[in-house]
Amino acid sequence: MEDQLRRYLEKAAGGDGDDKLPSKLFESLVMSGLRLDLVEPGRIVCSMNVPARLLNSGNFLHGGATATLVDVVGSAVIFTVGAPFTGVSVEINVSYLDSAFLDEEVEIEAKVLRVGKAVGVSSVELRKKKSGKIIAQGRHTKYLLVPSKM
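Everything numeric in this text was worked out from a predicted model, so none of it was measured.

**Observations regarding the overall build of the protein**
On a plain count of helices and strands, the protein comes out with three helices and six strands. Helices and strands appear in the protein in the N-to-C order α-α-β-β-α-β-β-β-β. Within the span of the protein, comprising 150 residues, buried residues form 39% of the whole. For the protein, contacts bridging at least 24 residues in sequence account for 63% of all contacts bridging at least 6. By element, 53% of the accessible surface of the protein is carried by carbon and sulfur atoms, the whole surface being about 8,100 Å².

**Observations concerning the sheet that holds strand 2 (residues 43–49)**
An order of 1-2-4-5-6-3 is seen for the six strands of this open sheet, with the pairing classed as antiparallel. Of all the strands in the sheet, the pair left with one neighbour each is strand 1 (35–40) and strand 3 (88–96). Ignoring strand direction, the axes of neighbouring strands in this sheet form an average angle of 15°. With nine bridges joining them, strand 4 (residues 105–115) and strand 5 (residues 119–128) adopt antiparallel strand pairing. Looking at the pairing, Val115 lines up with Gly120 of strand 5.

**A word on the packing of aromatic side chains**
Evaluated as defined, the whole model comprises one aromatic pair. An angle of 75° between the planes, with centres 6.1 Å apart, marks the rings of Phe60 and Phe101 as edge-to-face. In this pair, Phe60 is assigned in the loop between strand 2 and helix 3 (63–76) and Phe101 in the loop between strand 3 and strand 4, connecting sequence segments 41 residues apart.

**Looking at the confidence of the model for the protein**
Mean pLDDT over the protein works out to 86, with 84% of the residues at or above the 70 mark. Segment residues 12–19: pLDDT under 50, and 11 contacts once partners within four positions in sequence are set aside and those in other chains are kept.

**Thoughts on the side chain of Asn56**
Among the secondary structure elements, Asn56 is positioned in the loop between strand 2 and helix 3. Side-chain polar atoms of Asn56 contact the backbone nitrogen of Gly58, separated by 2.9 Å. What Asn56 contacts, discounting residues up to four positions off in sequence, is Leu61 and His62.

Rules behind the numbers
Residues numbered from 1 in each chain as written. Predicted model: local features only at pLDDT ≥ 70, side-chain atom pairs only at ≥ 80, totals over all residues. Heavy atoms only, no water. Helix = DSSP H or I, 4+ residues; strand = E, 2+ residues; numbered from the N terminus. Buried < 20%, exposed > 50% of the residue type's maximum accessible area, 1.4 Å probe, protein only. Contact = heavy atoms within 4.5 Å. Areas by Shrake-Rupley, 256 points an atom, 1.4 Å probe, with all protein chains shown as cover. Pairing = 2+ DSSP bridges. Axes fitted to C-alpha atoms, helices over the stretch in contact; angles between N-to-C directions. Phe/Tyr/Trp six-rings, centres within 6.5 Å; stacked < 30°, edge-to-face > 60°. pLDDT = per-residue confidence, 0-100. Polar contact = N/O pair within 3.5 Å; in protein donor to acceptor, adjacent residues only side chain to side chain.

Listed below in structure tokens is the structure:
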């Protein structure tokens, strides 16, 4: 399971196709440099240093990048409780509480709040690794695709 999570979360931005851009450009743009540090049932911890490509005009971590991390890491944690797939997003919310700056190390912790037959819910918290100060908190609700009986 850890190897599967590592491949999913630590994707490198590689090129394919005529335009030499990765097939999932947006995820690759945000996730390149993400490290998987801990895997437990119902919990994962990742870290990354904030790269220049993810800074906004104020020179701190862009809110869209933060929301993407809540989406992707909040989805990945669902694998840790035995779900065969992570489904599709029903709702994502993010509260932005502080800023992270260029090269600052950020820790991303995701926890499963509930995984049922059709719905999974996770919480994701981004913190400054050095101080533990919370940068953002998110919650992600997923519809876990139920295989068709047809």
